[in-house]
Amino acid sequence: MKLLFAASEMFPLIKTGGLADVAHSLPNALAELGVDVRVVIPAYRTVLDRLTQMRVLGWLKLSAGTEVRILEAMHPEMKMPLWLVDAPTAFDRVGDPYTGANQQDWPDNPTRFALLSEAAASLAMDGLSLGWQADAVHANDWQTGLLPAYLSVETQPPRTVFTVHNIAYDCQFDFGTFQSLHLPAHWWSMELGEFYGRFSMLKAGLMFSDVLTTVSPRYADEIRTPEYGYGYAPILSAVSDKLVGILNGIDDITWNPRTDKHLVAHYQAGGKVRAGKRANRQALLTAMGASEEVIQQPVPLIGSVGRLVYQKGIDLLLDAIPPLLERTNAKFVLIGTGEAKLMHQLEALSKTHPDRVFSHLGYSETLAHQLEAGCDIFAMPSRYEPCGLNQMYSLCYGTPPVVRETGGLADTVVDATPRSIARGEANGFVFTEPTTHALQAAIERALELFEQPKQWMKLIKTGMRAEYGWKQSAQAYLDVYGAD
Ligand code: ADP
Ligand code: GLC
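We now turn to the structure provided with this report.

Conventions used here
- Residues numbered from 1 in each chain as written.
- Chains lettered and ligands numbered in written order.
- Predicted model: local features only at pLDDT ≥ 70, side-chain atom pairs only at ≥ 80, totals over all residues.
- Heavy atoms only, no water.
- Pairing = 2+ DSSP bridges.
- Helix = DSSP H or I, 4+ residues; strand = E, 2+ residues; numbered from the N terminus.
- Axes fitted to C-alpha atoms, helices over the stretch in contact; angles between N-to-C directions.
- Contact = heavy atoms within 4.5 Å.
- Near = heavy atom within 4 Å.
- Polar contact = N/O pair within 3.5 Å; in protein donor to acceptor, adjacent residues only side chain to side chain.
- Areas by Shrake-Rupley, 256 points an atom, 1.4 Å probe, with all protein chains shown as cover.
- Nonpolar A, V, L, I, M, F, W, Y, C, P; charged D, E, K, R; others polar.
- Domains from an automatic or database assignment.
- Salt bridge = Lys/Arg side-chain N within 4 Å of Asp/Glu carboxyl O.
- Buried < 20%, exposed > 50% of the residue type's maximum accessible area, 1.4 Å probe, protein only.
- Right-handed = clockwise from strand over helix to strand, strands pointing away.

Attention shifts here to the sheet that holds strand β15 (residues 357–360). Strand order across the open sheet formed by six strands is β15-β14-β13-β16-β17-β18, with parallel pairing between neighbours. Every other strand in the sheet has two partners, leaving β15 and β18 (429–431) as the edge strands with one partner each. Here the strands of the sheet are splayed against their neighbours by 20° on average, with no regard to which way each runs. With three bridges connecting them, strand β16 (residues 377–380) and strand β17 (residues 401–404) associate as parallel partners. Bridge pairing in β17 places alanine 379 opposite valine 402. The sheet contacts of helix α11 (residues 273–287) involve β13 (301–305), β14 (331–335) and β15, and relative to β13 the element is tilted by about 65°.

Put into structure tokens, the structure is as follows:
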């Protein structure tokens, strides 16, 4: 089967969040299952800078007379050729893929990602006459929402699968922009892409695709409720017969404490867990600027990595830290970037408690890995979490997560109770209410169990021994692609 996988980011070339990890690890897992995959992403400047071997595949003519160049590249960590949509006016700019220096969305995002989607649709239909036509196309999030739409006008389109990684981001635009994109007039309708008087790129993906997936079964249920649906609940309920939740897997080469290239010591469930974690804790705290005396203190270390935004409930954690500092001996390490207010609050906390709260207000792949290995407990109090990868990384690294009961967190973390521990099922701590108080109580429960080394090791090993790779989920995707 030939599959075109389209995304707006892909680790390790360009990453703002978990979508990049999935766009790396899922195509690799599918290639291992024998699928003939191509991954198509924009040729952002960073991407071009990071690739050495590229060749020009050809030029595609798009609507409105635009012409884009398509490059093909190989990357040592990817098992298939990458196709890059090289449109300098859209993608060759300084800044992140979606926002400029002022943290605001690029105003021409609709044009930029319509272009990506149209180019991907043409590639799927062998627009370059390479003798490669897709049997299935997998589009991801609003950036490729128009891809199933562009394919819908073909007489024999490939099967289209659209995955919602986060329903809260949809990219809406007005009628003037719609006209400037030269989209068929009837797409501006309630049954297709129109959404409360605007056009939604996400809705186009929801309506035009043959199959709709989300990244965990729980989130597939949640987005059909007003609380989690961000206005799309009624639409999703209407199309629920084509909606399935497939849990993300993780890349178990990049995220594996036995082989992780960012760690100073390796370990696995069968051995050296304590020693391995101790060495990595030392490396982490040293990198965070802690003194030797602080590093040697035998106290629990609680960590968190993530985008500092409302979704992640990071405000709940920042508010829970001061009482936890008073009531317990724990120390904290937080890594993230995002909203200015949250960054200031975190910075202020680490300035006030220089020996107990450590922060890195930036993006660091190495620190993220060291934190997973070096901490004792991982905090992920998300208000909503379509899947979440960090709780799975934490489970693999022997760092029990404290999570809120939502989305993929609810699907992967089993709360520690005397019964679930005895049965060898518990792997972390789960709380329900999105409040500082509930989070604080869950962290205190975790700290209590941490004081019981035997029970704690049992919890750690349950997490470390489980399977989080793509085996099952890649098979589930094959089914929705319609593979024989
Ligand atoms: P989301 O996609 O909503 O941000 P996920 O848990 O699915 O959440 O994935 C987030 C990914 O981004 C993880 O691989 C995480 O380690 C990484 N990440 C987020 N913020 C940072 C950061 N500041 N430094 C390094 N890695 C980060
Ligand atoms: C989104 C979600 C996150 C998910 C990731 C990959 O960014 O917020 O929960 O893990 O996509 O699917």
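The next thing to look at is the site of ligand 2. Close to ligand 2 lie 14 residues, the nearest being His165, Asn248, Glu385, Cys387 and Gly388. Taking asparagine 248, its side chain carries an N or O atom lying 2.8 Å from an oxygen atom of ligand 2. Between ligand 2 and glutamine 311 there is a distance of 3.1 Å, counted from an oxygen atom to a side-chain nitrogen or oxygen. When isolated, ligand 2 has an accessible area of 310 Å², and the protein chains bury 93% of it. Taken together, the residues of the shell around ligand 2 break down into six nonpolar, six polar and two charged. A domain split of the shell around ligand 2 shows at least three residues from each of domain 1 (2–249 + 470–481) and domain 2 (273–464).

Attention now moves to the pattern of salt bridges. Per the stated rule, a full pass over the model turns up 17 salt bridges. For the salt bridge of aspartate 86 with arginine 69, the shortest nitrogen-to-oxygen distance reads 2.9 Å. Linking aspartate 86 in strand β5 (residues 82–86) with arginine 69 in strand β4 (residues 67–73), this pair joins segments that are 17 residues apart in sequence. What makes arginine 69 partly exposed here is its relative accessible area of 29%. Notably, a salt bridge pairs glutamate 385 with lysine 312, separated by 2.9 Å at the nearest N-O pair. In this pair, glutamate 385 sits in the loop between β16 and α16 (390–396) while lysine 312 sits in the loop between β13 and α13 (314–327), placing the two residues 73 residues apart along the sequence. The buried category is assigned to glutamate 385, whose relative accessible area is 3%. For lysine 312, a relative accessible area of 17% translates into the label buried. Salt bridges sharing common partners tie together Lys15, Asp21 and Glu365.

Moving on, we get to the pairing of strand β6 (residues 136–140). Summarising burial for β6: five of the five residues are buried, a large majority. The side-chain alternation of β6 yields two buried faces, one formed by Ala136, His138 and Asn140 and the other by Val137 and Ala139. For strand β1 (residues 2–6) and β6, the ladder comprises four bridges, and the chain directions are parallel. By the bridge assignment for β6, leucine 4 is matched with valine 137. As defined by bridge partners, β6 adjoins strand β7 (residues 159–164) across five bridges and the pair is classed as parallel. Paired with histidine 138 across the bridge in β7 is valine 161. Handedness of the crossover joining β6 and β7 through helix α5 (residues 146–152) is recorded here as right-handed.

A few words on helix α15 (residues 365–374). Most of α15 is tucked away: nine of the 10 residues are buried. The complete set of buried residues in α15 reads Glu365, Leu367, Ala368, His369, Gln370, Leu371, Glu372, Ala373 and Gly374. Buried-residue contacts for α15 involve α11, β13, β14, β15, β16 and α16.

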